[in-house]
Amino acid sequence: MKIAVYPGSFDPITNGHLSILRRGLDIFERVIVAVAVNPEKSGLFSIPERLEMINEVIANLPGASVDTFDGLLVDYVESVNSNVILRGLRAMSDFEYEFQMALMNRRLKRRVQSVFLMTDYKWFYVSSTIIKEAAALGGDTNGLVPQVVARRLREKFGLPPKTK
Ligand code: ADP
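What you are looking at is a predicted structure, and each value in this text was computed from that prediction instead of being measured.

Asks: Any details on the packing of aromatic side chains? Residues and values, ideally.
Replies: Using the criterion set out here, one finds three aromatic pairs in the structure. Measuring from centroid to centroid gives 5.2 Å for Tyr6 and Phe10, while their planes differ by 80°, and the two rings are edge-to-face. On the accessibility criterion, Tyr6 (5% relative accessible area) is buried. The exposure class of Phe10 is buried, given its relative accessible area of 2%.

Asks: Help me get a handle on helix 5 (residues 128-136), residues and values and all.
Replies: An α-helical turn contains 3.6 residues, so any two residues separated by three or four positions project in the same direction. Listed as buried for helix 5 are Ser128, Ile131, Lys132 and Ala135. Projected down its long axis, helix 5 carries its buried residues within an arc of 100°, all on one side. Contacts made by the buried residues of helix 5 are with helix 1 (15-27) and helix 6 (147-156). Count one or two residues on from helix 5 and you reach Gly138, which has phi positive near 90°.

The rules behind each value
Residues numbered from 1 in each chain as written. Predicted model: local features only at pLDDT ≥ 70, side-chain atom pairs only at ≥ 80, totals over all residues. Heavy atoms only, no water. Phe/Tyr/Trp six-rings, centres within 6.5 Å; stacked < 30°, edge-to-face > 60°. Buried < 20%, exposed > 50% of the residue type's maximum accessible area, 1.4 Å probe, protein only. Helix = DSSP H or I, 4+ residues; strand = E, 2+ residues; numbered from the N terminus. Arc of directions from axis to C-beta. Contact = heavy atoms within 4.5 Å.

Okay, here's the thing in C-alpha coordinates:
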(Lines give C-alpha, C1' and ligand atoms only; values in the text may rest on other atoms or scores of the structure.)
Protein backbone atom coordinates (compact mmCIF):
# COMPACT_ATOMS: atom_id res chain seq x y z
CA MET A 1 0.00 0.00 0.00
CA LYS A 2 1.39 3.39 -1.01
CA ILE A 3 1.21 5.82 1.89
CA ALA A 4 2.09 9.52 1.74
CA VAL A 5 2.60 11.89 4.66
CA TYR A 6 1.28 15.44 4.22
CA PRO A 7 3.01 17.47 6.94
CA GLY A 8 2.36 21.03 8.03
CA SER A 9 1.11 23.32 10.76
CA PHE A 10 -2.49 23.37 9.51
CA ASP A 11 -3.26 26.32 11.79
CA PRO A 12 -6.00 26.07 10.54
CA ILE A 13 -6.62 23.75 7.58
CA THR A 14 -7.71 25.68 4.45
CA ASN A 15 -9.33 24.75 1.15
CA GLY A 16 -5.84 24.97 -0.36
CA HIS A 17 -4.62 22.22 1.98
CA LEU A 18 -7.73 20.20 1.27
CA SER A 19 -7.23 20.42 -2.48
CA ILE A 20 -3.69 19.04 -2.14
CA LEU A 21 -4.99 16.28 0.14
CA ARG A 22 -7.78 15.30 -2.28
CA ARG A 23 -5.41 15.22 -5.21
CA GLY A 24 -2.87 13.31 -3.15
CA LEU A 25 -5.52 10.67 -2.58
CA ASP A 26 -5.83 10.25 -6.35
CA ILE A 27 -2.20 9.16 -6.38
CA PHE A 28 -1.69 7.42 -3.03
CA GLU A 29 -3.87 4.87 -1.31
CA ARG A 30 -3.47 6.58 2.05
CA VAL A 31 -2.52 10.13 2.94
CA ILE A 32 -1.72 10.98 6.53
CA VAL A 33 -2.19 14.65 7.40
CA ALA A 34 0.64 15.08 9.92
CA VAL A 35 0.32 18.10 12.19
CA ALA A 36 3.73 19.26 13.38
CA VAL A 37 3.89 19.79 17.12
CA ASN A 38 6.28 22.62 17.83
CA PRO A 39 6.48 23.65 21.49
CA GLU A 40 8.02 27.01 20.49
CA LYS A 41 5.20 27.91 18.09
CA SER A 42 1.86 27.89 19.88
CA GLY A 43 -0.26 29.09 16.95
CA LEU A 44 -3.83 30.37 16.98
CA PHE A 45 -5.47 26.98 17.40
CA SER A 46 -4.21 24.38 19.86
CA ILE A 47 -3.14 21.02 18.46
CA PRO A 48 -6.35 19.31 19.71
CA GLU A 49 -8.43 22.05 18.06
CA ARG A 50 -6.57 21.60 14.76
CA LEU A 51 -7.05 17.82 14.93
CA GLU A 52 -10.75 18.21 15.65
CA MET A 53 -11.27 20.43 12.59
CA ILE A 54 -9.19 18.17 10.35
CA ASN A 55 -11.05 15.07 11.57
CA GLU A 56 -14.36 16.68 10.70
CA VAL A 57 -13.15 17.71 7.26
CA ILE A 58 -11.65 14.33 6.31
CA ALA A 59 -14.58 12.28 7.62
CA ASN A 60 -15.85 11.80 4.05
CA LEU A 61 -12.45 11.29 2.45
CA PRO A 62 -11.62 7.58 2.28
CA GLY A 63 -7.89 6.98 2.70
CA ALA A 64 -7.25 10.18 4.63
CA SER A 65 -6.24 10.18 8.28
CA VAL A 66 -4.71 12.65 10.68
CA ASP A 67 -1.89 12.36 13.20
CA THR A 68 0.65 14.53 15.00
CA PHE A 69 4.41 14.29 14.99
CA ASP A 70 7.37 15.92 16.64
CA GLY A 71 11.05 15.49 15.96
CA LEU A 72 12.38 14.77 12.51
CA LEU A 73 9.77 14.46 9.78
CA VAL A 74 11.76 11.76 7.95
CA ASP A 75 11.75 9.61 11.10
CA TYR A 76 8.00 10.01 11.39
CA VAL A 77 7.55 9.11 7.70
CA GLU A 78 9.50 5.90 8.20
CA SER A 79 7.63 5.06 11.39
CA VAL A 80 4.35 4.89 9.46
CA ASN A 81 5.88 2.70 6.73
CA SER A 82 5.91 5.45 4.16
CA ASN A 83 8.65 6.98 2.03
CA VAL A 84 6.74 9.90 0.58
CA ILE A 85 6.41 13.48 1.82
CA LEU A 86 3.56 15.29 0.07
CA ARG A 87 3.74 19.09 -0.16
CA GLY A 88 1.85 21.79 -2.00
CA LEU A 89 3.43 24.58 -4.02
CA ARG A 90 1.94 28.01 -4.55
CA ALA A 91 4.26 30.80 -5.63
CA MET A 92 7.96 30.96 -6.37
CA SER A 93 8.42 32.05 -2.77
CA ASP A 94 7.26 28.58 -1.64
CA PHE A 95 9.74 26.98 -4.00
CA GLU A 96 12.90 28.18 -2.34
CA TYR A 97 11.87 27.00 1.12
CA GLU A 98 10.41 23.73 -0.12
CA PHE A 99 13.48 22.99 -2.24
CA GLN A 100 15.77 23.54 0.74
CA MET A 101 13.67 21.31 2.97
CA ALA A 102 13.37 18.58 0.35
CA LEU A 103 17.15 18.52 -0.09
CA MET A 104 17.73 18.41 3.66
CA ASN A 105 15.17 15.66 4.15
CA ARG A 106 16.79 13.65 1.35
CA ARG A 107 20.17 14.15 2.94
CA LEU A 108 18.75 12.87 6.23
CA LYS A 109 17.05 9.86 4.68
CA ARG A 110 17.73 9.00 1.06
CA ARG A 111 14.80 6.70 0.52
CA VAL A 112 12.24 9.31 1.51
CA GLN A 113 11.00 11.20 -1.56
CA SER A 114 9.30 14.59 -1.58
CA VAL A 115 6.39 14.92 -4.00
CA PHE A 116 5.00 18.34 -4.90
CA LEU A 117 1.61 19.19 -6.29
CA MET A 118 0.92 22.63 -7.75
CA THR A 119 -1.92 24.43 -6.08
CA ASP A 120 -5.17 24.91 -7.89
CA TYR A 121 -5.29 28.51 -9.18
CA LYS A 122 -8.30 29.08 -6.91
CA TRP A 123 -6.17 28.66 -3.81
CA PHE A 124 -3.07 30.37 -5.05
CA TYR A 125 -3.32 33.22 -2.54
CA VAL A 126 -4.70 31.20 0.36
CA SER A 127 -2.49 30.57 3.37
CA SER A 128 -3.38 29.89 7.00
CA THR A 129 -1.65 33.16 7.89
CA ILE A 130 -3.65 35.37 5.52
CA ILE A 131 -6.87 33.64 6.55
CA LYS A 132 -6.14 34.36 10.22
CA GLU A 133 -5.30 37.99 9.44
CA ALA A 134 -8.55 38.51 7.54
CA ALA A 135 -10.63 36.70 10.15
CA ALA A 136 -9.07 38.66 13.01
CA LEU A 137 -10.31 41.87 11.35
CA GLY A 138 -13.80 40.51 10.81
CA GLY A 139 -13.28 39.37 7.20
CA ASP A 140 -15.49 36.61 5.83
CA THR A 141 -13.43 33.47 5.19
CA ASN A 142 -16.29 31.36 3.86
CA GLY A 143 -15.39 29.59 0.65
CA LEU A 144 -11.68 29.74 1.45
CA VAL A 145 -11.74 27.34 4.40
CA PRO A 146 -14.05 24.45 5.31
CA GLN A 147 -17.25 25.58 7.04
CA VAL A 148 -16.19 24.22 10.41
CA VAL A 149 -13.01 26.32 10.21
CA ALA A 150 -14.86 29.51 9.26
CA ARG A 151 -17.13 28.97 12.26
CA ARG A 152 -14.23 28.29 14.64
CA LEU A 153 -12.43 31.40 13.39
CA ARG A 154 -15.49 33.55 14.12
CA GLU A 155 -15.69 32.04 17.60
CA LYS A 156 -11.98 32.59 18.21
CA PHE A 157 -12.21 36.26 17.32
CA GLY A 158 -15.51 36.82 19.11
CA LEU A 159 -17.43 37.56 15.91
CA PRO A 160 -21.15 36.85 15.57
CA PRO A 161 -22.22 33.66 13.78
CA LYS A 162 -22.82 33.97 10.05
CA THR A 163 -26.37 35.18 9.42
CA LYS A 164 -26.93 34.62 5.67
P1 ADP B 1 4.11 24.77 7.07
O2 ADP B 1 3.97 25.41 8.40
O3 ADP B 1 4.98 23.55 7.03
O4 ADP B 1 4.39 25.73 5.92
P5 ADP B 1 1.36 24.75 6.27
O6 ADP B 1 0.28 24.17 7.11
O7 ADP B 1 1.37 26.22 6.10
O8 ADP B 1 2.69 24.17 6.82
O9 ADP B 1 1.31 24.08 4.83
C10 ADP B 1 1.49 22.69 4.64
C11 ADP B 1 1.71 22.40 3.17
O12 ADP B 1 0.57 22.80 2.43
C13 ADP B 1 2.88 23.14 2.55
O14 ADP B 1 3.48 22.30 1.58
C15 ADP B 1 2.25 24.31 1.87
O16 ADP B 1 3.02 24.76 0.78
C17 ADP B 1 0.95 23.70 1.40
N18 ADP B 1 -0.09 24.69 1.21
C19 ADP B 1 -0.53 25.63 2.07
N20 ADP B 1 -1.50 26.39 1.54
C21 ADP B 1 -1.69 25.93 0.27
C22 ADP B 1 -2.52 26.31 -0.83
N23 ADP B 1 -3.35 27.36 -0.74
N24 ADP B 1 -2.44 25.60 -1.98
C25 ADP B 1 -1.57 24.56 -2.06
N26 ADP B 1 -0.74 24.17 -1.08
C27 ADP B 1 -0.80 24.84 0.06
